[in-house]
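# An overview of the molecular structure
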Amino acid sequence: MPSLSRPLSLGRRLRNLCFMGLCALAAILVLAPLGAIFGYLVYKGTGSINWAFLTHTPRPVGEAGGGMANAIVGSMIVLGIGSMIGVPLGIGSGIYMAEFGGSRYVNVVRFTADVLNGVPSIVVGIAVYALVVLPQQHFSALSGGVALGIMMIPTIARTTEEMLLMVPNTIREAALGLGIPQWRATLQVTLRTASKGVITGAMLAFARVAGETAPLLFTAFGNQFWSLKPDQPIAALPIQIFAYAISPFDEWHRQAWAGALILIVLIVVAVAAVRVVTSRGNMVNNA
Amino acid sequence: MGVGIEVKDLNAWFGKAQVLKEINIKVGANAVTAVIGPSGCGKSTFIRCLNRMHETNPEARLTGTVQVGDINVYEAGTDAVDVRRRIGMVFQKPNPFPTMSIYDNVSAGLRLNGYHKRRELDVVVEHSLRMAALWDEVKDVLKKKSGASLSGGQQQRLCIARALAVQPDLLLMDEPCSALDPISTGKIEELIFQLKAEYTVVIVTHNMQQAARVADHTGFFLMGKLIEYDKTEKIFTTPSDKRTEDYITGRFG
């Protein structure tokens, strides 16, 4: 009987090594752009980040100093409005697709979500411009939020659906068998069981739209001063970065880099914070 | 206190396939009734008809009447949610809620029906876990450990505790031991025996020794029909139908 513990042949060890090497290389190639972008942003942006950058509004051309405080806060407001629209609608339609699969409208909803996912962001911007900005007669934070919210819906809806479909049917039966009404069983048992994945989907959608510029150009529009009013034009980091980056001034270029770095840090912080907050109260299997 | 069950002319379908044919049966209160029969004979469908879990399958259909205690289960005005609240069910595979602690699992039926009095919940949780013979094993980790972190046998006892916590009149068990080892099975059988002081229990089982050990009455199902229903002793010693005899002696099934 051949021994199973005999040393591996040289050929096999080589092939093994070669394959491991390829896998490692692929992993590095995937991570490299992220590392490069982040590293370059830190290199270019850190120098211009100071207290004034975080607390002041932009100065006129030629004047030194000034910052992006209004754009940072503006981005948060627009993203907040967007999330208030996109998260409930996305999760709601995800639940509809996963839990009411018997209905023939499900395929219509799923198809619509997939098409919406493929609509270029500038087109969403134009649509919101026509539907919200024109009737309102002016640009507004609200319309920016609507544009971002619409863009969040398909990602959240499809991940919610996928995650709910992964919850075993036995869990639904357990809840129904206890005499829990269907709606409560769906929200507090099925959705809760899938919450980790659903939150990941919502965060992905959030991070994706946080950097969107095109739909904000003719909705939120941007401005150069403090504004917290949802019915008025509002500054947002991507617009500000865009405006500064294409300007001819070195000072503005440096601020654009700093703004980009702040945007990425904000996204990372928001995603991490949501994860920490929502993981409370939920049990990990072996905790 | 347990309640009796009376089933009349029960027929059930999945799509076009008829899985139960003209079932008539009366089950006494505070007794354990076993339902045996080969795979696909309709045993599980039968008990799922008792608490209206059958209809959770969109293909499902049924005719006939089911009376459980004072509830006419399929009467027009009866709410399926109310029926399930009063008829507990334990499933074949242990299915604790994975994201909830042991405490939250046991109290889920009450909490998710809007019942939140902390101190009373504590009492119910302890009582239910004691009834399910799980209290001593988990009392120190009630809120620290997830229901899914327990062993298979413990999970099934947790599911029994969860079903008992809503204080049902009737407990349905769908092959509760089929995924468990003999020691856990023994614990659950002992438990079933004690439960009949307070509950009526209907248990589906593939294991005929189990039926013989725990049940007062046994019903034998074959191809959607109730072939024979009698005292367990009679079924296993002197069955009146040839098919019952063939099945329990292992000639088929």
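Scroll up to find the structure.
My aim in this report is to walk through the structure given alongside it, one point at a time. (Residues numbered from 1 in each chain as written. Chains lettered and ligands numbered in written order. Predicted model: local features only at pLDDT ≥ 70, side-chain atom pairs only at ≥ 80, totals over all residues.)

## Topic: helix 4 (residues 118-131) of chain B
Residue and element names in this part refer to chain B. Taking 1.5 Å of rise per residue, the 14 residues of helix 4 would be expected to cover 20 Å, and the 20 Å separating its terminal C-alpha atoms lies within 8% of that figure. Within helix 4 the residues assigned to the buried category are V124, V125, S128 and L129. The arc that holds every buried residue of helix 4, seen down its axis, measures 125 degrees, which confines them to one face. Away from its buried face by more than 90 degrees, helix 4 exposes R119, E120 and V123. Along its buried surface, helix 4 packs onto helix 3 (102-111), helix 5 (135-138) and helix 6 (152-165). With its phi angle positive at about 55 degrees, A133 sits one or two positions after the end of helix 4. (Helix = DSSP H or I, 4+ residues; strand = E, 2+ residues; numbered from the N terminus. Expected span 1.5 Å × (residues − 1). Buried ≥ 20, exposed ≤ 12 C-beta atoms within 10 Å, placed from the backbone. Arc of directions from axis to C-beta. Contact = placed C-beta atoms within 7 Å.)

## Quick notes on the environment of I23(B)
Residues and elements named next belong to chain B. Relative to the helices and strands, I23 resides in strand 2 (residues 17-27). In this structure I23 comes out as buried when scored by C-beta crowding, with 23 C-beta atoms within 10 Å. Each C-alpha atom of the pair I23 and L226 lies 6.1 Å from the other, and the pair is 203 residues apart in sequence. The residues touching I23, leaving out its near neighbours within four places in the chain, are V7, L10, F46 and L226.

## A few points about the nonpolar core
Core analysis: the largest hydrophobic core is formed by 84 residues, its most contacted members being L50(B), A161(B), L172(B), V201(B) and I203(B). Ranked by the residues each element gives to this core, the list is headed by helix 6 of chain B, at seven residues. Listed in part, the 59 residues of the second largest apolar core include V87(A), M163(A), V198(A) and A236(A). (Core = buried A, V, L, I, M, F, W, Y, C linked by C-beta atoms within 7 Å.)

## Topic: the sheet that holds strand 8 (residues 200-204) of chain B
Residue and element names in this part refer to chain B. Here we have six strands laid out as an open sheet, ordered 6-7-8-3-9-10, and mixed in their pairing. Edge strands, defined here as strands with exactly one partner in the open sheet, are strand 6 (87-90) and strand 10 (225-231). With strand direction ignored, the average angle separating the axes of adjacent strands in the sheet is 15 degrees. Sheet analysis places strand 3 (residues 32-36) next to strand 8, joined by four bridges and oriented parallel. Looking at the pairing, T33 lines up with V202 of strand 8. Contacts between helix 1 (residues 43-50) and the sheet are confined to strand 3, strand 6, strand 7 (170-174), strand 8 and strand 9 (217-222), with strand 8 contributing the most and set at about 150 degrees to the helix. (Pairing = 2+ DSSP bridges. Axes fitted to C-alpha atoms, helices over the stretch in contact; angles between N-to-C directions.)

## With respect to the interface of chain B and chain A
Across the contact, 26 residues belong to chain B and 23 residues belong to chain A. Residue assignment for the side of chain B that touches chain A shows that the elements contributing at least two residues are helix 2 (80-86) and helix 3 of chain B. Tallying contributions element by element places helix 2 of chain B first for the side of chain B that touches chain A, with four residues. Taken together, the residues of the side of chain B that touches chain A sort by class into 12 nonpolar, eight polar and six charged. (Nonpolar A, V, L, I, M, F, W, Y, C, P; charged D, E, K, R; others polar.)

This is a description of form; function is not addressed.
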